[in-house]
Amino acid sequence: MLSQKEPQGILIVDDNPTNLEVLSESLIQEGFQVAVAIDGESALDQISYHPPELILLDVMMPGIDGFETCRRLKENPDTYNIPVVFMTALSAAQNKVKGLSLGAIDYITKPFQHEEVLARVRVHLQVQNLARTLQEQNHLLKGEIEQRQTAEAKLVEANQALENLNHQLEERVEERTRDLSEALKTVKKTQVQLIQQEKLSALGQLVAGIAHEINNPVNFIHGNIDHASGYADDLLSLFNLYEQHYPDPVDAIKSKREDIDVVFLTEDLPKLLNSMQVGTDRIRDIVHSLRIFSR
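Residues numbered from 1 in each chain as written. Predicted model: local features only at pLDDT ≥ 70, side-chain atom pairs only at ≥ 80, totals over all residues. Heavy atoms only, no water.

Secondary structure summary: the chain contains 8 helices and 5 strands in total. In sequence order, the secondary structure elements of the chain are arranged as β-α-β-α-β-α-β-α-β-α-α-α-α. The C-alpha atoms of the chain give 36 Å as radius of gyration, which overshoots the globular expectation for 295 residues (19 Å, by more than 25%). The C-alpha extent of the chain, read off along each of the three principal axes, is 130 × 50 × 30 Å. For the chain, the exposed surface amounts to about 19500 Å²; the carbon and sulfur share of it is 56%. The chain carries 28 positive and 45 negative side-chain charges, and their two centres are separated by 4 Å. (Helix = DSSP H or I, 4+ residues; strand = E, 2+ residues; numbered from the N terminus. Rg over C-alpha atoms; globule rule 2.2 N^0.38 Å. Areas by Shrake-Rupley, 256 points an atom, 1.4 Å probe, with all protein chains shown as cover. Lys, Arg positive; Asp, Glu negative; His and termini not counted. Charge placed at Lys NZ, Arg CZ, Asp CG, Glu CD.)

So, in structure tokens, the structure goes:
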């Protein structure tokens, strides 16, 4: 069995003192041993003489950034297996892909959610402890297999005893293989859940952005339709007054009236403006629905 260190050590690397204080306090209250570093260089030095169980690494830092720090950690055989979780306000997919391709196992998005940080830290420490346990068990299993082979060479004549030993070892191999399969299923399930959460978050941000971009021009149109309707009513009223007081206009005006079909225009213009009003109301309802969906 693996003898776990109590409490488990976590290194927080961030150039923001407020972030360091908030994260450190939360993790210490949960029983973790916390160390801090304010940049990548000091973090690498600290890890070289006191490696932690898990590293929470900020992406944007002075000197070498989080990506370069992670790359150096993964190039060093002594620190390669230490899990790295990036902390960043960058939500672009290419930034996350870059971090994961360098060897990070997860992202925590700023601003931090206390429960989310603790949940992800616990999950990744459990996965790390489980992997270490399985590695040690496999090492023990290899030793047992070597013992079995030695026993076979020395006890050729003890066939029955050898068969019993083989049977016991095979059962242990099957049992540990099942344990490994269950552990791998748990890891995959956790990864799928984390990826799904990121997808839902990105979709909500996209929908909110689209709703915002549509809302501004629609509000401008909607706000001006009332004024346009008023102006149209005033112009039609003025035209009717001209009709009443100057029933016999000059030939040029008569010709223009016939070309533009004044009777149809006076009837259709209010309908046209009313249709525009209905259309903008419908678009505003759609934008409101998008905002509700994004939340």
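Next comes the rest of the account.
On the basis of which strands lie adjacent, the open sheet formed by 5 strands has the order E2-E1-E3-E4-E5 and parallel pairing. Each end of this open sheet is capped by a strand with a single partner; those strands are strand E2 (33-37) and strand E5 (106-109). Across this sheet, the average inter-strand angle for adjacent strands is 20°, counted without regard to direction. In this sheet, E2 lies alongside strand E1 (residues 9-13) in parallel orientation, the contact comprising 5 bridges. Paired with valine 13 across the strands is alanine 37, a residue of E2. In the packing of helix H1 (residues 17-29) onto the sheet, the strands contacted are E1, E2, strand E3 (54-58) and strand E4 (84-88), and the crossing angle to E2 comes to about 165°. The sheet strands contacting helix H3 (residues 66-75) are E3, E4 and E5, and the helix crosses E4 at an angle near 175°. (Pairing = 2+ DSSP bridges. Axes fitted to C-alpha atoms, helices over the stretch in contact; angles between N-to-C directions. Contact = heavy atoms within 4.5 Å.)

A few words now on unusual backbone geometry. Excluding glycine, most residues fall at negative phi; most peptide bonds, likewise, are trans. The residue after lysine 110, namely proline 111, is reached through a cis peptide bond having omega -5°. Within the element layout of this structure, proline 111 appears in the loop between E5 and helix H5 (114-154).

This brings us to the packing of helix H2 (residues 40-49) against H3. The geometry of H2 relative to H3 is characterised by a closest axis approach of 10 Å and an angle of 25° between their N-to-C directions. Regarding the angle of H2 to H3, the classification is roughly parallel. By crossing handedness, the relation of H2 to H3 is classed as right-handed. In this structure, H2 contributes Gly40, Leu44 and Ile47 to the contact, and H3 contributes Thr69, Arg72 and Leu73. (Parallel < 35°, antiparallel > 145°, perpendicular 65-115°, else oblique. Left-handed = near helix turned anticlockwise from the far one by under 90°.)

A surface patch of negative charge is lined by Glu170, Glu171, Glu174, Glu175 and Asp179. In this fold, aspartate 179 is placed in helix H6 (residues 159-245). Accessibility expressed as a relative area gives 39% for aspartate 179, which makes it partly exposed. (Patch = residues over 30% accessible without salt bridge, like charges linked within 9 Å, V, L, I, M, F, W, Y side chains within 5 Å. Salt bridge = Lys/Arg side-chain N within 4 Å of Asp/Glu carboxyl O. Buried < 20%, exposed > 50% of the residue type's maximum accessible area, 1.4 Å probe, protein only.)

This next bit is on the packing of H1 against H5. Running from N to C, H1 and H5 cross one another at 60°; their axes reach a closest spacing of 11 Å. Relative to H5, the element H1 lies oblique. Crossing of H1 against H5: the hand is right-handed. Here Leu23, Ser26 and Leu27 of H1 lie close against H5, whose contacting residues are His114, Val117, Leu118 and Val121. Grouping the amino acids of the contact of H1 with H5 by side-chain chemistry returns 5 nonpolar, 2 polar and no charged. (Nonpolar A, V, L, I, M, F, W, Y, C, P; charged D, E, K, R; others polar.)

Turning our attention to the side chain of threonine 79. Mapped onto the fold, threonine 79 is located in the loop between H3 and E4. Beyond its immediate sequence surroundings of up to four residues, threonine 79 is in contact with Ile47, Arg72 and Leu73.

Our next topic: the side chain of glutamate 144. With respect to the helices and strands, glutamate 144 occurs in helix H5. Not counting residues within four places of it along the chain, the set of residues in contact with glutamate 144 comprises Leu169, Arg172 and Arg176.

A few words now on the environment of threonine 190. Secondary-structure assignment places threonine 190 in helix H6. By relative accessible area, which is 18% here, threonine 190 ends up buried. Along the primary structure threonine 190 and valine 127 are separated by 63 residues, whereas in three dimensions their C-alpha atoms are 9.8 Å apart.

Before going further, it helps to spend a moment on the packing of aromatic side chains. Here the structure, examined in full by the defined rule, presents 2 aromatic pairs. Ring centres of phenylalanine 67 and phenylalanine 86 lie 5.3 Å apart, and the angle between their planes is 75°; this geometry places the pair in the edge-to-face category. Remark: phenylalanine 86 occurs in strand E4 and phenylalanine 67 occurs in helix H3; sequence separation between them is 19 residues. For the pair phenylalanine 67 and phenylalanine 86, a shared accessibility class is recorded, and that class is buried. Over the ring of tyrosine 80 we find lysine 74, and its NZ or CZ is 5.7 Å from the ring centre. (Phe/Tyr/Trp six-rings, centres within 6.5 Å; stacked < 30°, edge-to-face > 60°. Lys NZ or Arg CZ within 6 Å of the ring centre and 35° of its normal.)

Where charged atoms from two side chains of opposite charge come close, those side chains can pair. In this structure the tally under the stated criterion is 12 salt bridges. Close ionic contact of glutamate 75 with arginine 71 constitutes a salt bridge, the shortest N to O distance being 2.5 Å. One end of the pair, glutamate 75, and the other, arginine 71, are both in helix H3, 4 residues apart, so they sit about a helical turn from each other. You can call glutamate 75 exposed: its relative accessible area is 56%. Residue arginine 71 is classed as partly exposed on the basis of its relative accessible area of 31%. Across the salt bridge formed by glutamate 144 and arginine 176, the nearest N and O atoms sit 3.7 Å from each other. Taken as a pair, glutamate 144 in helix H5 and arginine 176 in helix H6 lie far apart in primary sequence, 32 residues in all. Take glutamate 144 and arginine 176: they sit in the same class, and that class is buried. Salt bridges sharing common partners tie together Glu68, Arg71, Arg72 and Glu75.

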